[in-house]
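Overview (structure and organization)
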Amino acid sequence: MRLIILAFLIYLLYRLFRGFFGPGKRLERSENGGVIDEMVQDPFCKTYIPLRDARRKVIDGREYFFCSNECADKFKKEISQ
């Protein structure tokens with residue numbers, strides 16, 4: 001019985017320290033518990049990706065969002081032709 005109580009206390013301490021020293025960035029949640037994140041479309045390959053994971057590039061004074069640096073480079077070459 002003591003072992004179970006000790007394990008429970010260790011788990012509580014772990015959760016407490018994880019809350020204080022864990023990542024500072026928290027994701028917002030919707031009413032039903034799902035994560036809210038804006039999706040953006042890569043203009044080159046037309047793939048939708050979460051905004052937080054997108055590669056941001058400014059090309060000719062306009063901001064674009066890409067799934068990878070390769071797509072950004074290909075898009076930039078296509079625009080300049």
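Residues numbered from 1 in each chain as written. Predicted model: local features only at pLDDT ≥ 70, side-chain atom pairs only at ≥ 80, totals over all residues. Heavy atoms only, no water.

Let's shift gears to the pattern of salt bridges. Under the criterion given, the structure shown has 1 salt bridge. Put simply, E63 and R56 hold a salt bridge, and the shortest N to O gap is 4.0 Å. (Salt bridge = Lys/Arg side-chain N within 4 Å of Asp/Glu carboxyl O.)

On to the confidence of the model for the chain. Mean pLDDT over the chain stands at 83; residues scoring 70 or higher make up 78%. Per-element mean pLDDT across the chain ranges from 83 in helix α1 (residues 2-21) up to 94 in strand β4 (residues 62-66). (pLDDT = per-residue confidence, 0-100. Helix = DSSP H or I, 4+ residues; strand = E, 2+ residues; numbered from the N terminus.)

Before going further, it helps to spend a moment on the environment of I59. Topologically, I59 is positioned in strand β3 (residues 55-59). Here the alpha-carbon distance between I59 and S80, two residues 21 residues apart in the chain, equals 9.9 Å. Here I59 is in contact with Y64, F66, F75 and K76, once residues within four sequence places are set aside. (Contact = heavy atoms within 4.5 Å.)

All right, on to the pairing of β4 then. Judged from the 5 bridges that link them, β3 and β4 form a sheet pairing that is antiparallel. The residue of β4 that forms the bridge with K57 is Y64. A loop of 2 residues connects β3 with β4, the two strands running antiparallel in sequence, and D60 in this loop sits at a positive phi of about 55 degrees. (Pairing = 2+ DSSP bridges.)

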